[in-house]
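The chain contents come next:
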Amino acid sequence: MTGSNPSWSRRKFLKTAGVAGVGSILAPTQPLFAASGEPKTIPTRPFGKTGEQVSMLSLGGIINFLSNQLLLKQAVNWGVTYWDTAHSYSGGRSEKGIGKYFARYPQDRKKIFLVTKSGAWSIKSMSRDLAESLERMQTDYADLFFVHGIRNISAMDDDTRAWADKAKAAGKIRFFGFSTHSNMAECLLGAADLGWIDAIMMTYNYRLMHSDEMRRAVDACVRAGIGLTAMKTQGGGQVRTDSETELRLAGRFLQKGFTDAQAKLKAVWQNPQIASICSQMPNMTILMSNVAAALDKTQLSTRDRSMLQQFARETRTAYCTGCTAICESCVEREAPIGDVMRYLMYCNSYDDYKLAADGFRKIPQKIRARLTRLDYSRAERNCPQGLPIARLIQEAKNKLEIS
Ligand code: SF4
């Protein structure tokens, strides 16, 4: 099944396995249940200086959990006890589904490390969101509260710190931090300097983890005792990739007993500085596959990792690394290039049109209307990934605009 085996043709591979999206694609590679019939539970890792041990796989919550209660129950059974949701996810149905679960299984609340987020940009709105989130989830507290999707460490100002301290003192949150898809290394370095951030969830994968900048940022956070959770670990891009290396890689991993999607999880877990991977697992198949990857002790070899890096280099122009400080400052008017690239990735790589279109629609209409009229030539010249920004913005608008 490797590239040297002529019987493993491109057409046959694509027909059999497809190309990995948000999670793993094939059957689990090792038993998920002990001989006694009890589910095995996945390992935990220390979460910065919080004193908590969190499951190395976290259940990402852009899901309508109201109609996915079995997924929550089985996640608990396999020890996937770090749950990540947000006020905005699935129009509130993610948090309400968690609330429904806790109402039915109140004894499980203490087992769960529960994270929610708010994208509100004022302290007042953040308080309103937190109160509503707790009510929806039928709990008195969130274990961790994130400000959702910061682009710059200046969002963590004195007012935010005072808000976090107050919420902790009131027992509404235990820990505080932020998530980020943009300018991740700068945000991490800034947080390490601040000294009061407990945890961060950031885009982090085989494409990003080897840069000197990211290594320095992760080292600084670990020294500062900040718990780190990786997201977007599949490294799916704005443009669909179909390289020979990708096919060779997938065949190589299958021979070793796991899928390329599972290998991408392993690549991140092999860095012990990362406490957990937050993965979107909207169905039992992907949950089982990711749990199997977490239980499987097989490590990626040096050759495996270098092939992943080679693939990342070959497909560089298909992937936005979120360095929005570079491109967005090159455009005359406000243009959320990084956000648009992310929505296009949800559409093209995750095949999740609704998630993509919902995000795109949240860009204020005035800004959306002018997106395709702006001049991106300087941004394209400066983009370290060499992305055809203007073409991709047009593609996003064509695919995601809702009249
Ligand atoms: S489009 Fe290019 S410069 Fe802008 S965030 Fe993406 S990779 Fe960075």
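Placed above this text is the structure.
Given the structure is predicted, the values throughout are model-derived calculations rather than measurements. (Residues numbered from 1 in each chain as written. Predicted model: local features only at pLDDT ≥ 70, side-chain atom pairs only at ≥ 80, totals over all residues. Heavy atoms only, no water.)

1. Here we look at unusual backbone geometry
As a rule of thumb, non-glycine residues mostly have phi less than zero, and peptide bonds are mostly trans rather than cis.
Consideration 1: Despite not being glycine, Asn183 shows a phi value in the positive range, around 50°.
Consideration 2: Of the residues examined, Asn183 reaches a relative accessible area of 8% and is grouped as buried.
Consideration 3: Look at Asp351: it is not a glycine, yet its phi comes out positive at around 60°.
Consideration 4: Here Asp351 lies in the loop between helix 13 (337-348) and helix 14 (353-362). (Buried < 20%, exposed > 50% of the residue type's maximum accessible area, 1.4 Å probe, protein only. Helix = DSSP H or I, 4+ residues; strand = E, 2+ residues; numbered from the N terminus.)

2. Focus on the site of the ligand
Consideration 1: Residues in close proximity to the ligand include Cys320, Thr321, Gly322, Cys323, Thr324, Cys327, Cys383, Pro384, Gln385, Leu387 and Ile389, which together make up its full environment.
Consideration 2: Each residue belonging to the shell around the ligand can be placed in one class, and the counts come to seven nonpolar, four polar and no charged. (Near = heavy atom within 4 Å. Nonpolar A, V, L, I, M, F, W, Y, C, P; charged D, E, K, R; others polar.)

3. Quick word on the environment of Asn68
Consideration 1: Tracing the backbone through its elements, the reader meets Asn68 in the loop between strand 3 (57-60) and helix 2 (69-77).
Consideration 2: Given the relative accessible area of 22%, Asn68 is considered partly exposed.
Consideration 3: Each residue touching Asn68, except ones within four places of it in the same chain, is listed here: Ile63 and Pro282.
Consideration 4: A polar contact is formed between the side chain of Asn68 and the backbone oxygen of Asn64, at a distance of 3.2 Å. (Contact = heavy atoms within 4.5 Å. Polar contact = N/O pair within 3.5 Å; in protein donor to acceptor, adjacent residues only side chain to side chain.)

4. Considerations on the packing of helix 8 (residues 244-256) against helix 11 (residues 302-314)
Consideration 1: One can describe the packing of helix 8 onto helix 11 by two numbers: an axis separation of 10 Å at closest approach and a directional angle of 155°. Considering the angle they form, helix 8 stands roughly antiparallel to helix 11. The way helix 8 lies across helix 11 gives a crossing that is left-handed. On helix 11, the residues that touch Thr245, Glu246, Arg248, Leu249, Arg252, Phe253 and Lys256 of helix 8 are Arg303, Asp304, Met307, Leu308, Gln310, Phe311 and Glu314.
Consideration 2: Tallied by class, residues from the contact of helix 8 with helix 11 come to five nonpolar, two polar and seven charged. (Axes fitted to C-alpha atoms, helices over the stretch in contact; angles between N-to-C directions. Parallel < 35°, antiparallel > 145°, perpendicular 65-115°, else oblique. Left-handed = near helix turned anticlockwise from the far one by under 90°.)

5. Considerations on the pairing of strand 6 (residues 142-147)
Consideration 1: In terms of burial, strand 6 is a largely internal element, six of the six residues being buried.
Consideration 2: Bridging between strand 5 (residues 113-118) and strand 6 involves four bridges; their strand directions are parallel. By the bridge assignment for strand 6, Ser118 is matched with Val147.
Consideration 3: Taking the sense of rotation as the criterion, the β-α-β connection linking strand 5, helix 4 (residues 123-137) and strand 6 turns out right-handed. (Pairing = 2+ DSSP bridges. Right-handed = clockwise from strand over helix to strand, strands pointing away.)

6. Focus: helix 5 (residues 158-169)
Consideration 1: Over its twelve residues, helix 5 extends 16 Å from the first C-alpha to the last, a length consistent with the 16 Å expected when each residue adds 1.5 Å.
Consideration 2: All of the buried residues in helix 5 are Thr160, Trp163, Ala164 and Ala167. The arc that holds every buried residue of helix 5, seen down its axis, measures 100°, which confines them to one face. Exposed residues on helix 5 whose side chains face more than 90 degrees from its buried face are Asp158, Lys166 and Ala169.
Consideration 3: Each element contacted by the buried residues of helix 5 is listed here: helix 4, strand 6 and strand 7 (173-180).
Consideration 4: Directly after helix 5, the chain includes Gly171, whose backbone phi takes a positive value near 75°. (Expected span 1.5 Å × (residues − 1). Arc of directions from axis to C-beta.)

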